Protein chains: 2
Amino acid sequence: MSFGVGIVGAGVVGGGVIQTLQQNARAIHARTGVPVELVHVADTNPAAFKDFDLAGVTISEDAATLIQDSNVNVVCELIGGIEPAKRLTLDALNAGKSVVTANKMLLAHHGPELCAAAVKAGVDLRYEAAVGGGIPIIKALREGLAAGDIHLVCGILNGTCNYILTRMTYEGLEFDAVLKQAQALGFAETPPDLDVNGDDAAHKCQIIASLSCASQVDLEDIPVQGITHITHSDVAYAREMGYVIKLLAIVRNINGEIEARVHPTLLREDHLLASVRNEYNAVYVEADITGPTLYYGKGAGRMPTASAVVADIIDIGRRGTGEASPPFVYGPRRPVRDSGRLEGRYYLRLTTRDQPGVLGQACTILGNHGVSIASCIQHEGHSNDAVHVVMMTHDTCESDLRAALREIDQCAFMVQPTSLLWVLNH
Amino acid sequence: MSFGVGIVGAGVVGGGVIQTLQQNARAIHARTGVPVELVHVADTNPAAFKDFDLAGVTISEDAATLIQDSNVNVVCELIGGIEPAKRLTLDALNAGKSVVTANKMLLAHHGPELCAAAVKAGVDLRYEAAVGGGIPIIKALREGLAAGDIHLVCGILNGTCNYILTRMTYEGLEFDAVLKQAQALGFAETPPDLDVNGDDAAHKCQIIASLSCASQVDLEDIPVQGITHITHSDVAYAREMGYVIKLLAIVRNINGEIEARVHPTLLREDHLLASVRNEYNAVYVEADITGPTLYYGKGAGRMPTASAVVADIIDIGRRGTGEASPPFVYGPRRPVRDSGRLEGRYYLRLTTRDQPGVLGQACTILGNHGVSIASCIQHEGHSNDAVHVVMMTHDTCESDLRAALREIDQCAFMVQPTSLLWVLNH
């Protein structure tokens, strides 16, 4: 007897899943023992399926018909966004169908509600494709590393941002120029906001935090900074100091408290994540018993994402009549550390008038707030009478630093507000 | 009701598993829903368990008693070697108990027989710890990448060899000197043969080949070369040409044929695997739909290996009453390509007398066998009247190259046989 797959959504990922199932279903059956078979597809625009040979496959305009199809054992929600994805996911779970989704936005906003519905119905809700595309990182966190305590996850989780930062770093281009090229090449969406503002990475960060900390983490508790304010100067100063800038999602598990955030981060050039370039993603995980591990691959795209969706389908098929395991296990809710209480090293770029006493005043204000400077760069010969003063702090409390910067930014010698970036110590 | 774990073997890994279960059993239960509990341990020397608080745990001298214990749901075979590990694994499987093993030697020699026993009994045989220690690479190959066809796996799978080669590369030391230090530090066994001769990596290569090609691959069909003949000169010449030397296990899936081998390999310095240093392992996998992915971490050691063993235990516990999935799926047996038919680029180091005409004669012989030279290095000022002539070939068939080298090595100007290393093109 076959294991029937229903696909809702005829977009890029839906098409990739159809293609994978059609090309590989026999090989998958031979290798895994799971006889996956595409039995039903649905899209509000059924004409979108015209490029596929769907002989023998039911085509519907609405997800409800697909969910009610008794031949469908697992429903793949591949339409994205909150609604109607949420409604159809809940309907499928409530109807006793397992669901595979690639929808990080939906999980990040409504994970606990969906999780409760899956547990109540005793079915699976799987989401490997929601984070890291073709990299089986959810499986690694959920199963592969299940024996130990994960205390740090650092991920490059947005391929568009990594592509832009890579080209800024190695080709000396400015953000806007690279973004335009990336859009022309199809590496960036139009509008690009969800990616470059950090929101897509934040959705994935929420999922990773909930999973690796076994506690419900709310999206609102994750501070997010995108990459739109990063200039080529920042990238160049960072390299001068031996660092590269990456947009990181960081989750830390510290003495029962959780730290989760997304922001551009300076990484030492010899850090494993520093060599992850272009559209690639990677996740660095430290657990008590394994030490550091790293997972690398393509974080998006039609076929890598389809790989993750189909791997989830196979897992559910393999489970057979066994008990489903909950998509998330939320233990006692643990506090998420307020960003003001973060501690670390910081990169500061002050843009000031070229006049005597500036460095002294800035450093005095920092010192008054207990912020100690580890290194400083000021080059000759800036244009427009403005100079950059770049500093790297020692470990400091972010709220102290921000108080100092509020004072500095009000000084008459400042031309622009200070640019502040986090530095990874690990 | 708890899920009872029995451990056979009080060695380093057995101790790590006991420690993990004792420290983390409650957390594992909370996070995964699997109530793992250590119920029975066995070792021919039960005194070896004296460092653990085993109140409430049965201690036996023989594995048979442990296997017969009705409280034991899963048997962990952690004694290593072929016998009695094979006998007890078969006994456990035949008694209807799932088995978790870290024993790559046993699997590489007797995988098909053990697999058949597990399938017949309808129980699990899991072996995450046999390859890559704390890196969940078996899970990635078996489940995470199950939707596509894997066509290349390149692994740094022996931490001892990688440690030795790293220190030779970055500290300019000779093999013997590093090996002695590694033994003193506990990074290398005494005697070191299983590691430095490549056999340990070959065992892991056999497992990866069987898994990723879904075909039975015999250990005898895997050509193995260790690292004992690598000199500091080779490492230095490689770096001069922009390469580093790593011991790689390579599995390729080419048009229905399988290529599987273990040997020192030149990798371009910017290859992801080139930056894997010291005792770390990494596996690079290319599949049709995901493209390249990489998995990195500690490949050995008490706690990383325990992490893999316990993750397998949790998976078996999660399965509950569901059907076990076969440890290996052997499809139709596909041919393993004979090493003479390998094609690739090669590094050659000739040690010759310093006399006129040597380079011409050597290159003529290579040319007569259709071997084309891509680059060549010969430095002035060697001692003992012997000089190194180092060449990198274009793509060539290994049997042609070896025929040429047999001829060259018989020439009067040769001081030592030619040193031959494979070069990775990917």
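Bear in mind that the values here come from a model prediction, so they are computed numbers and not experimental data.

Draft legend 1. Layout of the overall build of chain A. Along the backbone of chain A there are 13 helices and 16 strands. The C-alpha radius of gyration computed for chain A amounts to 24 Å, which stays within 12% of the reference 22 Å derived for 426 residues, consistent with globular compactness. C-alpha extents for chain A along the principal axes are approximately 80 × 45 × 35 Å. Counting every position in chain A, which comprises 426 residues, the buried fraction comes to 60%.

Draft legend 2. Representation of empty space enclosed by the protein. Across all of its chains, the model carries seven cavities of 30 Å³ or more by this definition. Each pocket or cavity is described by its volume, and for the largest cavity that value is around 410 Å³. The set of elements that each furnish at least two residues to the lining of the largest cavity consists of α5 (137–144) and α11 (302–319) of chain A together with α5 (137–144) and α11 (302–319) of chain B. Its residues placed into classes, the lining of the largest cavity shows two nonpolar, three polar and 18 charged. The volume enclosed by the second largest cavity comes to roughly 200 Å³. In terms of lining residues, the second largest cavity is bounded by 19 residues, among which A:Arg31, A:Thr32, A:Arg318, B:Arg142 and B:Leu211 are the most central. At the level of secondary structure, the elements contributing two or more residues to the lining of the second largest cavity comprise α1 (12–32) of chain A together with α5 and α9 (199–213) of chain B. Tallying contributions element by element places α9(B) first for the lining of the second largest cavity, with three residues. Grouping the constituent residues of the lining of the second largest cavity by class yields 10 nonpolar, five polar and four charged.

Draft legend 3. Fine view of the domain arrangement of chain A. Taken domain by domain, chain A consists of domain 1 (3–133 + 302–319), domain 2 (137–297) and domain 3 (339–423). The gap between the C-alpha centroids of domain 1 of chain A and domain 3 of chain A is 50 Å.

Draft legend 4. Molecular detail of the sheet that holds strand β1 (residues 3–8) of chain A. Residue and element names in this part refer to chain A. The six strands lie next to each other as β3-β2-β1-β4-β5-β6, forming an open sheet whose pairing is parallel. For this open sheet the edge positions go to β3 (58–60) and β6 (125–126), each flanked by a neighbour on one side alone. With four bridges connecting them, strand β4 (residues 74–77) and strand β5 (residues 98–101) associate as parallel partners. Its bridge partner lying in β5, Val 75 is registered against Val 99. Running over the sheet, α11 touches β1, β2 (36–42), β4, β5 and β6 and is turned about 160° from β5.

Draft legend 5. Local environment of the pairing of strand β12 (residues 343–353) of chain A. Residues and elements named next belong to chain A. β12 sits mainly inside the fold: nine of its 11 residues count as buried. Pairing between β12 and strand β16 (residues 414–423): seven bridges, direction antiparallel. What sits directly across from Leu 348, in β16, is Leu 420. Both β12 and strand β14 (residues 386–393) contribute to a ladder of seven bridges, which runs antiparallel. Looking at β14, one finds that Tyr 347 is bridged to Met 392.

Draft legend 6. Looking closely at the sheet that holds strand β4 (residues 74–77) of chain B. Ordered by their spatial adjacency, six strands build an open sheet running β3-β2-β1-β4-β5-β6 (chain B), and the pairing between neighbours is parallel. Only two strands of the sheet have a single neighbouring strand rather than two, namely β3 (58–60) and β6 (125–126) of chain B.

Draft legend 7. Structural detail: the pattern of salt bridges. Residues and elements named next belong to chain A. The tally for this structure, following the rule as stated, stands at 48 salt bridges over all chains. The residue Arg 318 makes a salt bridge to Asp 315 at a minimum N-O spacing of 3.5 Å. Pair noted here: Arg 318 and Asp 315 are both in helix α11, with a separation of three residues, about one helical turn. The residues Arg 318 and Asp 315 share a single accessibility class, namely buried.

Draft legend 8. Up close: the side chain of A:Lys86. Residue and element names in this part refer to chain A. Counting through the fold element by element, Lys 86 comes out in helix α3 (residues 85–94). With a relative accessible area of 13%, Lys 86 lands in the buried category. In contact with Lys 86, other than residues within four places in its own chain, are Leu 106, His 110 and Glu 113.

Rules behind the numbers
- Counting starts from 1 at the beginning of each chain's written sequence and moves along it residue by residue.
- Written order decides the labels, with chains lettered from A and ligands numbered from 1.
- It should be noted that, the model being predicted, local features are given only for residues of pLDDT at least 70 and side-chain atom pairs only at 80 or more, the latter also being counted only at that level, while totals for whole chains, interfaces and linings use all residues.
- No hydrogens and no water enter the side-chain calculation; it runs on all heavy atoms of the structure.
- Working definition: helices are DSSP H or I runs of at least four residues, strands are E runs of at least two. Numbering for both runs from the N terminus.
- In this description the radius of gyration comes from C-alpha coordinates, and the expected globular size is given by 2.2 Å times residues to the power 0.38.
- Relative accessibility under 20% of the residue-type maximum defines a buried residue, over 50% an exposed one, and the middle range a partly exposed one, all with a 1.4 Å probe and only protein chains included.
- Cavity means a closed set of points on a 1 Å grid over the protein atoms alone, one where a 1.4 Å probe fits but cannot get out, pocket means an open set with protein on both sides within 12 Å along at least 5 of 7 lines, and lining means a residue has an atom within 4 Å of a point.
- Grid points are joined across faces, edges and corners, and a volume is the space filled by probe spheres set on the points.
- Amino acids are sorted into nonpolar (Ala, Val, Leu, Ile, Met, Phe, Trp, Tyr, Cys and Pro), charged (Asp, Glu, Lys and Arg) and polar (every other residue, Gly among them).
- Segment limits for the domains were obtained from an automatic or database-derived domain assignment.
- Whether two strands pair comes down to DSSP finding at least two bridges between them.
- Pairs of residues are marked as contacts when any of their non-hydrogen atoms sit within 4.5 Å.
- Fitted lines through C-alpha atoms serve as axes, helices being fitted only where they are in contact, and the angles separating the N-to-C directions of these axes extend from 0 to 180 degrees.
- Basic side-chain nitrogens of Lys or Arg form a salt bridge, by our definition, when they fall within 4 Å of a carboxyl oxygen of Asp or Glu.

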